[in-house]
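# Descriptive analysis of the structure
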Amino acid sequence: MADAYAPKPQHKFTFGLWTTANPGRDPFGEATRPALDPIANIRKMAEIGAWGFNFHDNDLIPFGESASERDKIVKNAKKAMKDTGIVCSMATTNLFSHPVFKDGAFTSNDAAVRAFALQKTMHAIDLGVELGAKIYVFWGGREGAEVDLAKDPIECMKRMREAMNFLTQYVKDQKYDLTFALEAKPNEPRGDIFLATTGNMLAFIETLEHREMVGVNPEYAHETMAGLNFTHHVAQAIEAGKLFHIDLNGQKMGRFDQDLRFGSEDLKGTLMLVRLIERSGYAGPRHFDAHAYRTEDAEGVWDFARGCMRTYLVLKEKARRIDEDKEIAAILKEINRGDAKLEKLSRSYSSENAKKLKDAKLDADALAGRKLPYERLDQLLNEVILGVR
Ligand code: GLT
Ligand code: MN
Ligand code: MN
């Protein structure tokens, strides 16, 4: 029997080169897995059913590499893409590993560091576009502070805006077909990172010169670390037309950035997320920004990657079942109470509507008595998840 949960390119699953190449290093311990060659990495992703890969400039081309070596690596990457059919869906800049970025990149207090960050990003954009990337992610991992006195947070917002305005204009000038997706994170590696949530990013985007080119790349782990409801943040981005990319993974609340296998924590929350994505018409990549447990060996990494995709497809099927469940549908119908007469008055303002609404007879006690059978609803949802429904 064919495996209904086998990932295929049409599902648009993608992985960052850094995810499957993660060697298991953490702040307390060295690598537990050998280095993985980026070209072998791309080929293996294609083999297990991913549609695309993403990369930071330095995931592919080591920092400071010669131009001739760069061209050789790019040629090999293109060959791997041609041989396997895998695409490059997104690219980004490493603005956090080299010590030059120890106090930030675009928001550094040092004008020369800011200039270097722009220069590095322009080269990385060229590289991404050369490989076919259509989305460019900005994750400001070092754009923050531990010592608040050292950094003027208003000035840092202005610097961030200048950088985005400069780079969107650069993309337009080059006539690249590329949009930007901004990724928020509350902390780590900095004590506090500027523009800490997807909501902050959405507000910031509205202040940019070419805001139509800029959306968000929310990450499950990042809102969850802050104790927030990730699905609600993604919903706001969708409603604003700004969900350009998404980083899927697993995370416990209030912890360090765990970047666990998709669905490995909070299955119910993850199911709600998949249902939202699938119902929204979002057509972009389903990107996994996660890594295997440090305890896995080189082979186990691919169990991790397969697990991310398989869980997504299983949850997609569960979401379909939820939406086809008659009992669930009946409860949802019961709790979404329309009222044509009242909505005519309340859904759009006119002075006449306002007057009529002020005079309308609304019995708060009777309204408060209306049934909201959420216990039954949530139990039905649990039973779908648990596989008995
Ligand atoms: C890094 C970070 C991620 C970002 C990547 C893009 S790099 O792994 O933890 O959340 O999406 O820069
Ligand atoms: Mn991410
Ligand atoms: Mn993360």
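Here goes a summary of the coordinates provided. (Residues numbered from 1 in each chain as written. Chains lettered and ligands numbered in written order. Predicted model: local features only at pLDDT ≥ 70, side-chain atom pairs only at ≥ 80, totals over all residues. Heavy atoms only, no water.)

The next subject is the site of ligand 1. Around ligand 1 sit W18, H56, T92, F96, W139, E183, E219, H222, D247, D257, D259 and D289, and that is every residue in its neighbourhood. A distance of 2.5 Å separates an oxygen atom of ligand 1 from a polar atom in the side chain of E183. In the environment of ligand 1, an oxygen atom lies 2.9 Å from a nitrogen or oxygen atom belonging to the side chain of D289. Starting from 310 Å² of accessible surface for ligand 1 in isolation, the protein chains cover 91%. (Near = heavy atom within 4 Å. Polar contact = N/O pair within 3.5 Å; in protein donor to acceptor, adjacent residues only side chain to side chain. Areas by Shrake-Rupley, 256 points an atom, 1.4 Å probe, with all protein chains shown as cover.)

Let us look at the coordination of the manganese ion (ligand 2). Protein coordination at the manganese ion (ligand 2): the donors are E183 (OE), E219 (OE), D247 (OD) and D289 (OD), at 1.9 to 2.2 Å from the metal. Classification of the site at the manganese ion (ligand 2) as octahedral follows from its six donor atoms and the range of 75 to 164° in their angles at the metal. In terms of primary sequence, the donors binding the manganese ion (ligand 2) are separated according to E-x35-E-x27-D-x41-D. The distance between the manganese ion (ligand 2) and the manganese ion (ligand 3) comes to 4.7 Å, and E219 binds to both of them. (Donors = N, O, S within 2.8 Å, 3.2 Å for Na, K, Ca; no water. Tetrahedral: all angles 85-135°; square planar, octahedral: opposite > 155°, others 65-115°.)

Moving on to the coordination of the manganese ion (ligand 3). Every protein donor of the manganese ion (ligand 3) is accounted for by E219 (OE), H222 (NE2), D257 (OD), D257 (OD) and D259 (OD), and the metal-donor separations fall at 1.9 to 2.6 Å. Each donor residue of the manganese ion (ligand 3) belongs to the same chain, and together they define the spacing E-x2-H-x34-D-x1-D.

The next point concerns the packing of aromatic side chains. Per the stated rule, a full pass over the model turns up 16 aromatic pairs. Grouping aromatic residues by their ring pairs yields a cluster made of F13, F15, F262, F288, F304 and Y312. When the ring centre of W51 is taken as origin, the NZ or CZ atom of K12, which lies over that ring, is 4.8 Å away. (Phe/Tyr/Trp six-rings, centres within 6.5 Å; stacked < 30°, edge-to-face > 60°. Lys NZ or Arg CZ within 6 Å of the ring centre and 35° of its normal.)

As a further point, take the side chain of H287. Within the secondary structure, H287 is located in strand β10 (residues 286–288). Not counting chain neighbours up to four residues away, the residues in contact with H287 comprise T14, F15, G16, W18, N54, M90, H245, I246, D247 and L248. (Helix = DSSP H or I, 4+ residues; strand = E, 2+ residues; numbered from the N terminus. Contact = heavy atoms within 4.5 Å.)

Ordered in space as β8-β6-β4-β3-β2-β1-β10-β9, the eight strands form an open sheet in which the pairing is parallel. At either end of the open sheet lies a strand with only one pairing partner, and these are β8 (214–216) and β9 (247–248). In this structure, β9 lies alongside β10, joined through two bridges in parallel fashion. In the sheet register, L248 faces β10, and the bridge partner there is F288. (Pairing = 2+ DSSP bridges.)

Time to look at the pattern of salt bridges. A side chain of one charge can pair with a side chain of the opposite charge if their charged atoms are brought near each other. Tallied over the full model, the rule gives 31 salt bridges. D378 is the salt-bridge partner of K268, the closest N and O atoms lying 3.0 Å from each other. In this pair, K268 is assigned in helix α10 (residues 267–280) and D378 in helix α16 (residues 374–385), connecting sequence segments 110 residues apart. A salt bridge links R347 to E343, with the nearest nitrogen and oxygen atoms 3.4 Å apart. On the basis of relative accessible area, E343 is assigned to the partly exposed category, the value being 30%. (Salt bridge = Lys/Arg side-chain N within 4 Å of Asp/Glu carboxyl O. Buried < 20%, exposed > 50% of the residue type's maximum accessible area, 1.4 Å probe, protein only.)

A separate point is helix α9 (residues 230–239). Residues of α9 that are buried: F230, T231, H233, V234 and A237. The buried side chains of α9 occupy one side of the element, clustering within an arc of 160° when seen end-on. The exposed residues of α9 that point more than 90 degrees off its buried face are H232 and E239. The N-cap of α9, judged by a side-chain oxygen 3.0 Å from the amide nitrogen of T231 a few residues on, is N229. (Arc of directions from axis to C-beta.)

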